[in-house]
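# Architecture and fold: a report
Below, each chain spelled out in residue letters.
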Amino acid sequence: MSTSTATREMPDIYHKAGSLSSERRWALWTAYISLIFAAIIFLAPPVYMFITSLKTSAEVANLTGSPWLVREPTLENYAAILGNPTFLVFFWNSVKITVCVVLITMVISTLAAFALARMRFWGSQALATGVFLTYLIPETLLFIPLYQIVGGLGLLNSSWGLVVVYPTLTVPFCTWIMIGYFASIPKELDEAALIDGASWSQMLLKIFIPVAMPGIIAATIFAFTVSWAAFVYPTAFVTTPDEMPLTIGVVSQLVRADTFAWGQIMAGALLAALPPVIVYAFLMDYYIAGLTAGATKG
Amino acid sequence: MAEVSVRKVVKAYEGNVQAVKGIDLEIADHEFVVLVGPSGCGKSTTLRMIAGLEEITSGEIAIGGTVVNDIPPRDRDIAMVFQNYALYPHMSVYENMAFGLTLRKFAKEEIAKRVNNAARILDIEALLQRKPKALSGGQRQRVAMGRAIVRDPKVFLFDEPLSNLDAKLRVQMRTEIKKVHQRVRTTTVYVTHDQVEAMTLADRVVVMNHGIIEQVGPPQELYHSPKTRFVAGFIGSPAMNFFPAQVENGSGALRVILPNGVALPVPTDRTARYQAMAGREVIFGIRPEHLTEPKNLDRDNIAVFEVTPEVIEPMGMETLVHFWMQGAEICARIDPTTPAEPGRPMQLAADLNHMHLIDVQSGRVL
Ligand SMILES: Nc1ncnc2c1ncn2[C@@H]1O[C@H](COP(=O)(O)OP(=O)(O)OP(=O)(O)O)[C@@H](O)[C@H]1O
Ligand SMILES: [Mg+2]
């Protein structure tokens, strides 16, 4: 508490601060260089996609000149893709599936994570570990048995089948990351609410969930991403174009016979990538770590 | 407001760890009871069982005459202040204090009245619209207390509410808590491991050790007549001095022989009490303030001896003298005006009217 007055009387500390700042500068430089390097690697494909999406098919096919330059930029690919009813069906399917999956996942895994993090019951530890191990099983191993199950439910070739299947990926992981976050919230907070007169559900809704929001949002982002970008399961379970989500729709349906409409595929893929970007940007505002600040001694 | 009864309460955690080993405690209406004891002795566990946050393995707890064993915390009509305050971080101070009342469906005006009243008592009126993160430790502490006060519950429970504050603020808030209690007179159970806090706040102090209650009594009683060696050593700062000793029945008078051969005559009013111990090993205990300069004591029942101080600690109001005797570090309390120097022998006297003899086997004070 009184350290600020102490520093004033100790020139030594200034001296130290000087050497610290040069160390800091060095750290900043390495950080910037590696970040720029990483940004180039990760951003090159989408940038190239964007460039291609602005080209006519003729220009794409033209091999002279740098492929990174657009000579006659055009929005015709976007117009074509947005005017394509199949694309809109894919988009709608993706939205429908993702919203359902995120809702189902968050309800199940928030409750599960709360139970596993808070209520000590017989086998809760083993269960928590088990939840995580489930996540480690690769989907490529699971899709054959899941095919049987989805088939048994009569949901093959239906986007609802995907709504049933995706939570097997999202629930374990979301539960697992939320267990970690929930455990970091002081349990006195829920105890105080219970003593104040809250029932378990009131405590959960009015105290715990608002406080746990950063963790819940992190899990939501994950569930959203997994569900929006899923590729293996829809490839395996859906063959009717009407039921396809964007990921497989764009690649399987926009290719007519042997002609790859590269411009349109890229425009479609970019449009498909837009919702996650928007969702991230929107949720990041709320995803402020340290929302519990002030709850305890601090 | 209500009385609290704890009857034969046992708490066993998994793996058969008994944190609380069958305690009995009757707390009267309006009483301020402090549970004190070393870390891990089961104070918090006891408090949390009263709150209903921890299940009772066996036994019975009653609040206001109703057995609450199977009643959830929210229906026990209690309020608790936690060591880490546990303020709701997403709510303003006002909302924090109003939360319990809102859940209990109080009218808006009544809530406002109570919150403002509590805020006035605790001097936090200016902070009502702030979020907890914009408060200092002491202010958070007050809000946590405010949250308890507005509810006007049957019982207040405090679990080390001051241990996160710095020393000065702790003393200040201690007085504050006492003031609040004198004002609202709610039955209070207060847990601390700080014996000064216990002594200053309590109507009655409960000293716990290893899951049992060692002694219950008003602060002065615990200080002057501890029943066990543990209580004798725990209450009081600096702690009581202990020496191994032997009781001897020599030439008609009972004497206590210290390991260095010094023989202390037992005051006559105590001979009957100690007679049975003649010839037995005991522990001789005496508080630092009863080990002082001879001039400060009555001539009766004192034993004067010479010591060589090792360390002198001037405290302002008094001076502590530490010396070694037969491998035990002993502390004496002298006048700040008395000259004392490390290494220079000086005379001290033990006031035998205030000595304690402790049975080696049972640890009971005789
Ligand atoms: N959940 C638990 N599982 C197993 N043992 C526990 C649990 N909680 C507490 N204990 C044990 O019970 C004993 C009493 O704990 P308690 O928290 O009541 O101590 P305390 O007197 O409050 O100590 P402190 O002053 O350190 O807070 C300790 O030995 C502790 O290790
Ligand atoms: Mg404790």
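Counting restarts for each chain: residues are numbered from 1 in the order of the written sequence. Chains and ligands are labelled by the order in which they are written, letters from A for the one and numbers from 1 for the other. Only residues with pLDDT of 70 or above have their local features reported here, since the model is predicted, and side-chain atom pairs are shown and tallied only from 80 upward, although totals for entire chains, interfaces and linings are computed over all residues. Calculated side-chain values reflect all of the structure's heavy atoms, with hydrogen atoms and water omitted.

## A short note on the domain arrangement of chain A
Residue and element names in this part refer to chain A. Segmentation of chain A into domains returns domain 1 (3-53) and domain 2 (76-291). Each partner contributes residues to the interface: domain 1 has 5 residues there, and domain 2 has 8 residues. Once two parts are brought into contact, the accessible area they lose, counted with a 1.4 Å probe and summed over both, makes up the buried area. Carbon and sulfur atoms make up 74% of the area that domain 1 and domain 2 hide from each other, which totals about 500 Å². The salt bridge definition used is simple: a Lys or Arg side-chain nitrogen within 4 Å of an Asp or Glu carboxyl oxygen. Counting across the interface, domain 1 meets domain 2 through 0 salt bridges. Polar contacts here mean pairs of N or O atoms no more than 3.5 Å apart (in protein, one a potential hydrogen donor and the other a potential acceptor; neighbouring residues in sequence count only if both atoms are side-chain atoms). Linking domain 1 with domain 2 are 2 residue pairs in polar contact (both at pLDDT 80 or more). A class-by-class count of the residues in the side of domain 1 that touches domain 2 yields 3 nonpolar, 2 polar and no charged. Residue ranges assigned to each domain were obtained from an automatic or database domain assignment. Residues are treated as being in contact if the distance between any of their heavy atoms lies within 4.5 Å. Side-chain classes follow a simple rule in which Ala, Val, Leu, Ile, Met, Phe, Trp, Tyr, Cys and Pro form the nonpolar group, Asp, Glu, Lys and Arg form the charged group, and the remainder, Gly included, forms the polar group.

## Some details on the interface of chain A and chain B
Across the contact, 28 residues belong to chain A and 30 residues belong to chain B. Along the contact surface separating chain A from chain B lie 2 salt bridges. Linking D196 of chain A and R151 of chain B is a salt bridge whose minimum nitrogen-to-oxygen distance equals 3.2 Å. The tally of links from chain A across to chain B stands at 11 residue pairs in polar contact (both at pLDDT 80 or more). Elements with a contribution of two residues or more to the side of chain A that touches chain B: α10 (187-196) and α11 (200-211) of chain A. The biggest single contributor to the side of chain A that touches chain B is α10 of chain A, with 9 residues. The secondary structure listing takes helices from DSSP runs of H or I that are at least 4 residues long and strands from runs of E that are at least 2 residues long, numbered from the N terminus.

## Notes on the environment of L165 of chain B
All names here are of chain B. Residue position: L165 is located in the loop between β7 (155-159) and α5 (167-184). In this structure the C-alpha to C-alpha distance between L165 and G138, which are 27 residues apart in sequence, comes to 6.7 Å. Among residues more than four places away in sequence, those in contact with L165 are Y85, G137, G138, Q141, R170 and M173.

## Quick notes on the UniProt feature "transmembrane region" (unreviewed entry) in chain A
All names here are of chain A. Mapped onto this structure's residue numbering, the UniProt feature "transmembrane region" (unreviewed entry) falls at residues 26-51, 90-114, 126-147, 159-183, 204-231 and 261-283. In residues 126-147, helix accounts for 91% and strand for 0%; the two terminal C-alpha atoms are 28 Å from one another. From the first C-alpha to the last, residues 159-183 spans 35 Å; its make-up is 96% helix and 0% strand. UniProt positions are given in the numbering used here, feature names are shortened, and annotations may be inferred rather than shown by experiment.

## Things to note about the sheet that holds strand β15 (residues 291-292) of chain B
All names here are of chain B. At least two DSSP bridges between two strands are needed for those strands to be called paired. Taken in spatial order, the 3 strands make up an open sheet running β15-β20-β16, and their pairing is antiparallel. In this open sheet, the two edge strands, each paired with only one partner strand, are β15 and β16 (302-307). When β16 meets strand β20 (residues 346-351), the two strands line up antiparallel, connected through 6 bridges. Opposite V307, over in β20, you have M346 as the bridge partner.

## Details of the UniProt feature "domain: ABC transporter" (unreviewed entry) in chain B
Cross-referencing UniProt, the feature "domain: ABC transporter" (unreviewed entry) maps to residues 4-235 of chain B in the present numbering. Secondary structure across residues 4-235 of chain B comprises 37% helix and 26% strand; the distance between its end C-alpha atoms is 25 Å.

## What to know about the site of ligand 1
Near is defined per residue: the residue qualifies when any heavy atom it owns lies within 4 Å of the molecule or strand. Every residue lining ligand 1 is accounted for by R120 of chain A together with Y13, A19, S39, G40, C41, G42, K43, S44, T45 and E160 of chain B. Nearby residues place ligand 1 at the junction of chains A and B. Measuring from an oxygen atom of ligand 1, one finds a backbone N or O atom of G42 of chain B at 3.0 Å. Within the side chain of T45 of chain B, an N or O atom sits 2.5 Å from an oxygen atom of ligand 1. The Shrake-Rupley method, run with a 1.4 Å probe, gives the accessible areas here. Residue values count only the displayed protein chains as cover. Burial of ligand 1 by the protein chains amounts to 63% of its free accessible area of 640 Å². A per-class count over the shell around ligand 1 returns 3 nonpolar, 5 polar and 3 charged.

## Points about the domain arrangement of chain B
Residue and element names in this part refer to chain B. In terms of domains, chain B is made up of domain 1 (4-234) and domain 2 (241-359). On a C-alpha basis, the centroid separation for the pair domain 1 and domain 2 is 39 Å. Both sides together, the interface formed by domain 1 and domain 2 hides about 660 Å², and carbon and sulfur atoms give 56% of it. When the area that domain 1 buries against domain 2 is broken down by residue, the three leading residues are Y223, R229 and A232, summing to 75%. The tally of links between domain 1 and domain 2 comes to 0 salt bridges. Linking domain 1 with domain 2 are 2 residue pairs in polar contact (both at pLDDT 80 or more). Sorting the residues of the side of domain 1 that touches domain 2 by element identifies α7 (219-224) and α8 (229-234) as the ones contributing at least two each.

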